Amino acid sequence: MIAYTVYLQQIQELLQEWSKTYNIYVPTRAEDHFFEFRCWQPDMHIAWDYDLAYTSLKGFFLPPREDLIHFDLQHYTSSPVAQAPKQLLFGVHPYDIKAINQLDQLMNTDSVDVNYQLRRDNTMIFGLEPSRVADTAFWAGMDASRVDLGYDLFWTRISTGAFLVQVGSAQGEEMLKKGPAVDKATAAEKEAARRMHLRVSSVAARQSLSFPWTKVPEITGKFYQRKLYWRERAKTCLSCGSCNLVCPTCYCFDIQEETDDHLKQGSRYRQWDGCMLEGFARIAGGHNFRPTPWERYRHRYMRKGKYIFDKIGELGCVGCGRCVRACTARIANPKEVFIEIWEAVKNEA
Ligand code: SF4
Ligand code: SF4
């Protein structure tokens with residue numbers, strides 16, 4: 001492992017240097033006291049010890065709404081739209097890197113999503129070892145407390161004034177060398193980073209699943225037909241879609257077109273959609289494949305626990321705990337659902 005030691009007082013100079021090329025986004029405490037990634041400004045306080053950003057990072061690659069094509073109805077011409085400014089996401093926790101790695105696979109299955117890929121190619125990711133665990137998080141049990149790929153640099157705070165920075169790509173290492181001189185990390189500093197990881201992982205493990213995540217696809221598959229369970233579980237669902245919106249691994253979108261009042265010019269755009277919304281599975285003619293909240297709720301957990309696994313061999317949930325926090329009905333909770341199903345299946349065996 002190639003790693004360097006970077007001191008806290010060196011970071012401002014590095015950020016100044018990087019900001020000449022990149023829009024930099026860092027975790028900070030927002031007005032409503034939740035943490036959010038915001039565009040870095042020199043006087044900004046970076047929340048190195050944030051536990052969870054309220055909004056996931058998928059919007060940096062798949063914006064809530066974006067134009068795909070502009071067309072001219074008078075001349076019958078059209079042109080693709082793709083905007084991808086260079087951006088640096090600094091301070092991304094491993095579970096969110098895992099979610100981005102998953103989106104990379106899913107957005108390029110069957111055919112490449114050009115707009116997504118362009119943004120992804122223009123994005124640098126600097127990971128950060130969490131120092132605190134959100135009370136709703138359960139990532140330690142979802143195979144998401146460590147990532148081996150998907151970052152250019154990975155930062156671990158090893159003391160109040162220093163970080164161990166592990167190199168993930170040649171471009172990341174090059175960026176590190178653009179600022180003040182940094183030294184290669186010593187064995188003792190690498191050991192300090194390892195201990196930091198163990199410390200936070202053991203805290204996270206206390207609130208993780210009570211059984212191996214690899215069992216989730218099998219047990220959720222078995223529970224598909226348990227309509228009574230899903231009806232009861234979803235009886236207070238408001239179909240608001242908040243759990244979809246905050247989820248870093250939900251990537252569904254809808255494509256529509258609009259024109260100006262004179263029918264001269266228009267655009268084709270896409271915007272986020274969500275499987276918990278009533279109209280998500282409605283098709284031409286008015287038929288809806290999942291007309292009731294409980295059917296949509298079941299679908300979401302089948303997707304998180306089984307369907308994505310069947311596609312790429314990973315669960316569609318990284319255990320960030322955002323949906324748990326966002327659900328006003330207090331029913332969006334993959335850990336709770338998977339444990340309930342696990343207990344029921346175990347008792348029936
Ligand atoms: S389902 Fe919930 S806990 Fe899992 S990744 Fe999505 S928002 Fe996070
Ligand atoms: S589970 Fe919760 S957040 Fe999701 S749609 Fe229902 S009420 Fe909204």
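Residues numbered from 1 in each chain as written. Chains lettered and ligands numbered in written order. Predicted model: local features only at pLDDT ≥ 70, side-chain atom pairs only at ≥ 80, totals over all residues.

### Considerations on the overall build of the protein
Regarding its fold elements, the protein presents 11 helices and 12 strands. Seen along its three principal axes, the alpha-carbon backbone of the protein occupies a region of about 70 × 65 × 40 Å. Here the protein, with 349 residues, has 36% of them falling under the buried criterion. Taking the intrachain contacts of the protein between residues at least 6 apart in sequence as the baseline, contacts between residues at least 24 apart amount to 73%. (Helix = DSSP H or I, 4+ residues; strand = E, 2+ residues; numbered from the N terminus. Buried ≥ 20, exposed ≤ 12 C-beta atoms within 10 Å, placed from the backbone. Contact = placed C-beta atoms within 7 Å.)

### Examining the sheet that holds strand 12 (residues 265-272)
Strands sit in the order 5-4-12-11 across an open sheet of 4 strands; the sheet is antiparallel. Across the chains shown, the open sheet's two edge strands, defined by having one partner strand only, are strand 5 (77-80) and strand 11 (253-259). Averaged over all adjacent pairs, the angle separating strand axes in this sheet is 25 degrees, with direction ignored. The pairing of strand 4 (residues 65-72) with strand 5 spans 4 bridges and is classified as antiparallel. Opposite Asp72, over in strand 5, you have Thr77 as the bridge partner. (Pairing = 2+ DSSP bridges. Axes fitted to C-alpha atoms, helices over the stretch in contact; angles between N-to-C directions.)

### A closer look at the domain arrangement of the protein
Partitioning the protein into structural domains gives domain 1 (3-205) and domain 2 (213-348). Counting residues per element, the ones that place at least two in the side of domain 1 that touches domain 2 are strand 4 and helix 2 (94-107). Ranked by residue count, the leading element in the side of domain 1 that touches domain 2 is helix 2, at 9 residues. Of the residues assigned to the side of domain 1 that touches domain 2, the class counts are 19 nonpolar, 8 polar and 8 charged. (Domains from an automatic or database assignment. Nonpolar A, V, L, I, M, F, W, Y, C, P; charged D, E, K, R; others polar.)

### Re unusual backbone geometry
We note that Asp110 has phi near 70 degrees; this positive angle belongs to a residue other than glycine. Examined against the element boundaries, Asp110 turns out to sit in the loop between helix 2 and helix 3 (114-121).

### Describing the sheet that holds strand 2 (residues 23-29)
Across the sheet, which stays open at both edges, the 8 strands sit in the order 3-2-6-7-8-9-1-10 with mixed pairing between neighbours. In this open sheet, the two strands that pair with only one neighbour each are strand 3 (35-39) and strand 10 (183-184). Each of strand 1 (3-7), strand 8 (153-159) and strand 9 (162-167) is contacted by helix 5 (residues 187-205), which is oriented at about 90 degrees to strand 8, the strand it contacts most.

### Considerations on the pairing of strand 6 (residues 87-92)
Across the 6 residues of strand 6, 5 count as buried, placing the element largely inside the fold. In this sheet, strand 6 lies alongside strand 2 in parallel orientation, the contact comprising 3 bridges. Following the sheet pairing, Ile24 is matched in strand 6 by Leu88. As paired elements, strand 6 and strand 7 (residues 123-128) share 5 bridges and run parallel to each other. In the sheet register, Leu89 faces strand 7, and the bridge partner there is Ile125.

### Looking at helix 9 (residues 293-312)
End to end, helix 9 covers 27 Å across 20 residues, agreeing with the expected 28 Å (1.5 Å per residue, within 8%). The sharpest bend along helix 9 measures roughly 55 degrees and falls at Arg303. Residues Pro293, Arg296, Tyr297, Arg298, Arg300, Tyr301, Lys304, Gly305, Lys306, Ile308 and Phe309 constitute the buried set of helix 9. Among the structural elements, helix 6 (216-222), helix 7 (227-233) and helix 11 (334-348) are those in contact with the buried residues of helix 9. Once helix 9 finishes, Gly313 follows within two positions and takes phi at roughly 80 degrees, a positive value. (Expected span 1.5 Å × (residues − 1). Bend = angle between axes of the 7 residues up to and from the residue.)

### Digging into the pairing of strand 3
Pairing analysis gives 5 bridges linking strand 2 to strand 3, with the strands arranged antiparallel. Paired with Tyr25 across the strands is Cys39, a residue of strand 3. Between strand 2 and strand 3, which pair antiparallel in sequence order, lie 5 residues; one of them, His33, sits at a positive phi of approximately 80 degrees.

### Describing the site of ligand 1
Around ligand 1 sit 13 residues, and of these Cys247, Cys317, Cys320, Arg322 and Cys323 come closest. Its residues assigned to classes, the shell around ligand 1 shows 8 nonpolar, 3 polar and 2 charged. (Near = placed C-beta within 6 Å.)

### A few points about the nonpolar core
Counting 78 residues, the largest nonpolar core has Ile24, Leu89, Phe126 and Trp139 as the members making the most contacts within it. Ranked by the residues each element gives to this core, the list is headed by helix 2, at 5 residues. When residues are assigned to domains, this core turns out to be shared by domain 1 (3-205) and domain 2 (213-348), each giving three or more. Aside from chain neighbours lying at most four places away, what touches Trp139 is Tyr95, Ala144, Ser145, Ala204, Val318, Gly319 and Cys320. (Core = buried A, V, L, I, M, F, W, Y, C linked by C-beta atoms within 7 Å.)

### Remarks on the environment of Ala30
For Ala30, the location among the structural elements is in the loop between strand 2 and strand 3. According to the C-beta neighbour criterion, Ala30 is partly exposed, with 15 such atoms within 10 Å. Considering only alpha carbons, one finds Ala30 and Gln265, 235 residues apart in sequence, at a separation of 39 Å. Leaving out residues up to four positions away in the same chain, Ala30 has contacts with Phe35 and Glu36.

### Structural notes on the environment of Glu31
By the element assignment, Glu31 lies in the loop between strand 2 and strand 3. Taking the C-alpha atoms as reference points, Glu31 and Ser79, 48 residues apart in sequence, are found 39 Å from one another.

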